Amino acid sequence: HDFELEVINIQDKGQERWKKKYTYWIPALHLDGQEIAKGRWDASTVLTALRQHKADLDAESSSK
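Attention in this report is confined to the structure presented alongside it.

1. Comments concerning a nonpolar patch on the surface
Alright, step 1. Together, Phe3, Leu5 and Val7 make up an exposed nonpolar region whose accessible area comes to about 370 Å².
Alright, step 2. With respect to the secondary-structure elements, phenylalanine 3 resides in the segment before helix H1 (16–22).

2. Considering helix H2 (residues 43–62)
Alright, step 1. Between its terminal C-alpha atoms H2 stretches 28 Å, which fits the 28 Å expected from 20 residues at 1.5 Å a residue.
Alright, step 2. The backbone nitrogen of serine 44 lies 3.2 Å from a side-chain oxygen of the residue at the head of H2, namely aspartate 42.

3. A few points about the packing of aromatic side chains
Alright, step 1. Enumeration according to the criterion identifies one aromatic pair in this entry.
Alright, step 2. Seen from their ring centres, tryptophan 18 and tyrosine 22 are 6.0 Å apart, and the 15° between their planes marks the pair as stacked. Taken together, the residues span about one helical turn, with tryptophan 18 and tyrosine 22 both in helix H1 at a distance of four residues.
Alright, step 3. On the accessibility criterion, tryptophan 18 (18% relative accessible area) is buried.
Alright, step 4. When the ring centre of tryptophan 18 is taken as reference, the NZ or CZ atom of arginine 17 above it lies at 4.1 Å.
Alright, step 5. Above the plane of the ring of tryptophan 25 lies lysine 38, whose end atom (NZ or CZ) is 4.9 Å from the centre.

The rules behind the values
- Residues numbered from 1 in each chain as written.
- Predicted model: local features only at pLDDT ≥ 70, side-chain atom pairs only at ≥ 80, totals over all residues.
- Heavy atoms only, no water.
- Patch = residues over 30% accessible without salt bridge, like charges linked within 9 Å, V, L, I, M, F, W, Y side chains within 5 Å.
- Areas by Shrake-Rupley, 256 points an atom, 1.4 Å probe, with all protein chains shown as cover.
- Salt bridge = Lys/Arg side-chain N within 4 Å of Asp/Glu carboxyl O.
- Helix = DSSP H or I, 4+ residues; strand = E, 2+ residues; numbered from the N terminus.
- Expected span 1.5 Å × (residues − 1).
- Polar contact = N/O pair within 3.5 Å; in protein donor to acceptor, adjacent residues only side chain to side chain.
- Phe/Tyr/Trp six-rings, centres within 6.5 Å; stacked < 30°, edge-to-face > 60°.
- Buried < 20%, exposed > 50% of the residue type's maximum accessible area, 1.4 Å probe, protein only.
- Lys NZ or Arg CZ within 6 Å of the ring centre and 35° of its normal.

The analysis is restricted to geometry; functional conclusions fall outside its scope.
Structure follows, in structure tokens:
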């Protein structure tokens, strides 16, 4: 699966929104703006989300 990973340190200046939301739930993982995991998660969680995302994109492109 191809994807771009952006790491955000919620302690950095300018990240107050993320710090407020995830102070007690790190690490958190978003995919295209959607939260897919927070707190404890593993590779299985990530792979499932990536597969579902790809299926959604494929369905969307085939319906056009």
